[in-house]
Amino acid sequence: MSPAPSATGPVQGRGPQPVEGHGAGNPGQPSSTLTWSSRRLLDAILRVREVGIVAVLVVFVAVATSVQPRFIDPQNIKFVFSNAIIYALLALGETVVVLSRNVDLSVGSVLGLSAYLSSDLFSQVHHIPIVAVFLAGLAIGLACGAVNGAVVAVARVPSLVVTLATLYIYRAIDVLIVGGGMVVASTLPGAFLSIPTSSLGPIPYLAIAVAGTVAVGAYVLASFRPGRELYAIGSNPDAARLAGIPMGKRIFWSFVVSGGIAGLAGVLWAATYGTIDSTAGLNYELTVVAAVVVGGVNIFGGSGTVVGAALGALLLATINQALYVLGISSFWDPAIDGALIVLAISLDHWITLRLTRALRKGAVQHAT
Amino acid sequence: MQPEAALPAVGATPRPPATLTQSPREPRPTSLSGKFRWALHWESALVVALVLTVALGAATSAEFLTVSNIFSNVCLLYGELAIMALPTTLIILSGEIDLSIASTLALSSSLVGYLSSNHWPMPLVIIVALAAGIACGLLNGLLVTRLNLPSLAVTIGTMTLYEGISEIILGPAIITSFPAAYTAIGVKAFPATGGLLSYSAVLFIVLAVVFGVVLHATPFGRSVVAIGWNKQAAQFAGIRVKRVKTALYMLSGLMGALAGILYTFRLSTAEADNGTTLILPVIAVVLLGGVSIFGGKGTILGVVLAVLVYCSLQSALLLTNFNSNALEIVTGALLLLSVLIPNAGEIAARARRFAGGHGTSAPSAKGGRPPASAQ
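Not measured: the values here are computed from a predicted model.

Turning next to the overall build of chain B. Along chain B, the regular secondary structure elements total 15 helices and zero strands. Burial statistics for chain B: of 375 residues in total, 53% are counted as buried. Partitioning the intrachain contacts of chain B with sequence separation of at least 6 by distance along the chain shows that 76% fall at a separation of at least 24.

Shown next, in the form of structure tokens:
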């Protein structure tokens, strides 16, 4: 079950150019302007996918700032971060699932359910500590994730189908509970509403917390056995099974993690927007998958990092804000997002092909 | 749905060699009669579900089986969804997926609104909208087959892209004036059906027959199934895999555009995000119809029955005081049941093993593995 398509001719040289601007001439063809060592350097840089995303990010910020200097106003930066936080958090959970060649489409519905139920606690229980509300949101998310994970791991039904079904079921439960009502900001304590707005200079504390969470996630996935096993499962399920990896358990827990994170994101959503009805988090799932894909995570699992995914979310938020600041009608946003996603996966594919070729060439050189 | 020995995978993973996927419990059907037995099995379950739904609907509301309910709450509401389910069936059968078909609907709807508000003659408008749909499909097809990109990722991207183009075309505008002769297509009953069937329903029936014949009785249709079963084998058997897949995406774009035209005429409204929420129900109905998400398995009859079950259940619930915003719970529950029920016995056995702490993998030689931290 080879995830990446085998190397083919037509892609060579037709793929998008490297955004880093290192490639003089067409990098797909042997070029006289590039020496062998500089090509290796390019490959080494490309290998760290996050560098590419950061480069695109820098380019966008530079262009936007040169046209409209107020793009780097603290207020504007804060706005970008607060937009990106929830998507980055969801992208973190989604990556854990996608790495093992699965997908969780129910994150938007879990977020909605958790946002309403947890914020409703403030009016149900007097003087409930804010921490308890976060724990409630987490618990709701974990429960939803456990249902997803149990069905996927035990029934061995494709996760796309299972989470498509639970996307509807969780949302319908949300609608049935909420009815026509909503939670309004006046019922929420001020300390809760100030969580997303308090900041260290232009950077919200929440962004720092999310960055910390992403860093922990990256460390666990890169250095601990369960994390490595998720990559193994995504790279080659049959080999992973033969190697004795408890696939069911790993996949189950990846969905639990994704659900729990979506539950927490729901509480943050409630704190950020203040008004929560049954449409909270509607249609978030595909944007989250898009952020993950833009962040260089292979949709068929086995490669990619949570740092990349979080940067992907930040990139989408930055681009949308840049378009706004540059005075481009917001009606262009989805089209540009869509084009970007297509471009990102094409680029990712081109890099994979290039690296494969470089590795093969390196192996040949080594042998001779 | 069939149990797969491989893990539950995302959408359109290439099917591994048969020796790997073949489950000892369910031998792969070798003869045509074997295939038919499976098909009859699933489709008869859908027939039973349909009969139960209709009985339930008739029992709870006297209105359910009236001509006006069937016309306005079944045919009109679900005509476009049903039409989009047909090409989606073929695409999923070939082992790919198209998430952009509902955005093609939106794009086509915007084009119809924009061009007709600029006083283009309506036949020309329709031709342009259909051509745009084919172009959308062609782009999907080229990205998937020529660049070898995963269709799940590509069509998530083009889904956003086509809806975005639709927003660029129409902006915040809502076009509501269309020639009455054309909006009649959207809201009037097809002649000689006794006021029962809408134009979209008649179109769906005709298209379903055409798709059924093409899929089950032509070399093209059989090659679609062959590609879904085993892409490499199909390639070696001389099937032009890339060409067939590109054609399927173009067909999908065309049907999406057709649905967009019908949608616009039905509501007399062109809006940038028309019908974009239909994508997940379309996929759900196709999977409910017994089409395997891995490709290669499924029938048009199953999908037609699934469309009927879906419509009648939703319409029955609409007549009760059920919260109409929560209707999609039906989609979710049906989808989940459709994949769980066929394998209930196996699942129970596996659940016992899972709860027993042995994992789902076969007992391995490395019995003394340390418990992982995630547990």
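Moving on to the overall build of chain A. Counting its regular elements, chain A contains 14 helices and two strands. Within chain A, buried positions represent 53% of all 368 residues. Long-range contacts, defined here as pairs at least 24 residues apart, represent 78% of the contacts in chain A between residues at least 6 apart.

This next bit is on the environment of Gly302 of chain A. Residues and elements named next belong to chain A. Topologically, Gly302 is positioned in the loop between α12 (284–294) and α13 (306–325). Look at Gly302 and you get buried, because 21 C-beta atoms sit within 10 Å. Once the C-alpha coordinates of Gly302 and Ser100 are considered, the two residues, 202 residues apart in sequence, prove to be 6.4 Å apart.

Residue and element names in this part refer to chain B. Contact pair helix α12 (residues 279–288) / helix α13 (residues 300–319): the axes reach a minimum separation of 7 Å and the direction vectors enclose 120 degrees. By the criterion of interaxial angle, the relationship of α12 to α13 is oblique. For the crossing formed where α12 meets α13, the hand is right-handed. Residue-level contacts link Val285, Val286 and Leu288 of α12 to Val303, Ala306, Val307 and Tyr310 of α13. Partitioning the contact of α12 with α13 into residue classes produces seven nonpolar, no polar and no charged.

To continue, consider unusual backbone geometry. Here the phi dihedral of Asn283 of chain A falls at roughly 65 degrees; this positive angle occurs in a residue that is not glycine. When you line up the elements, Asn283 of chain A lands in the loop between α11 (247–273) and α12.

What follows concerns α12 of chain A. Most of α12 of chain A sits inside the fold, with ten of its eleven residues counted as buried. Every buried residue belonging to α12 of chain A is among Tyr284, Glu285, Thr287, Val288, Val289, Ala290, Ala291, Val292, Val293 and Val294 of chain A, and all of these are buried.

Attention now moves to the environment of Val152 of chain A. Residue and element names in this part refer to chain A. Residue placement: Val152 occurs in helix α5 (residues 130–155). The class of Val152 is buried, set by 29 C-beta atoms lying within 10 Å. Separated by 100 residues in sequence, Val152 and Phe252 have C-alpha atoms that sit 7.3 Å apart.

A few words on helix α9 (residues 225–235) of chain A. Taking burial as the measure, the eleven residues of α9 of chain A include eight buried ones, the bulk of the element. Within the span of α9 of chain A, buried status applies to Pro226, Gly227, Glu229, Leu230, Ala232, Ile233, Gly234 and Ser235 of chain A.

A residue-level look at chain B finds 84% of positions with pLDDT of 70 or above and a mean pLDDT of 82. Across residues 358–375 of chain B, where pLDDT falls below 50, the model places 25 contacts with residues more than four positions away in sequence or in other chains.

Right, let's get into the packing of helix α2 (residues 49–67) of chain A against α13 of chain A. All names here are of chain A. At a minimum axis distance of 10 Å, the contact between α2 and α13 shows a crossing angle of 15 degrees. Overall, the two elements α2 and α13 adopt an arrangement that is roughly parallel. Regarding α2 and α13, the two cross each other, and that crossing is left-handed. Along its contact with α2, which presents Arg49, Glu50, Ile53, Val54, Val56, Leu57, Phe60, Val61 and Ala64, the element α13 presents Val307, Gly308, Leu311, Gly312, Leu314, Leu315, Thr318, Ile319, Ala322 and Val325.

Residues and elements named next belong to chain B. Note on placement: Ile174 falls in the loop between α6 (151–170) and α7 (180–187). On the neighbour-count criterion, Ile174 (12 C-beta atoms within 10 Å) is exposed. For the pair Ile174 and Val67, spaced 107 residues apart in the sequence, the C-alpha separation amounts to 32 Å.

Each value, and the rule that gives it
Residues numbered from 1 in each chain as written. Chains lettered and ligands numbered in written order. Predicted model: local features only at pLDDT ≥ 70, side-chain atom pairs only at ≥ 80, totals over all residues. Helix = DSSP H or I, 4+ residues; strand = E, 2+ residues; numbered from the N terminus. Buried ≥ 20, exposed ≤ 12 C-beta atoms within 10 Å, placed from the backbone. Contact = placed C-beta atoms within 7 Å. Axes fitted to C-alpha atoms, helices over the stretch in contact; angles between N-to-C directions. Parallel < 35°, antiparallel > 145°, perpendicular 65-115°, else oblique. Left-handed = near helix turned anticlockwise from the far one by under 90°. Nonpolar A, V, L, I, M, F, W, Y, C, P; charged D, E, K, R; others polar. pLDDT = per-residue confidence, 0-100.

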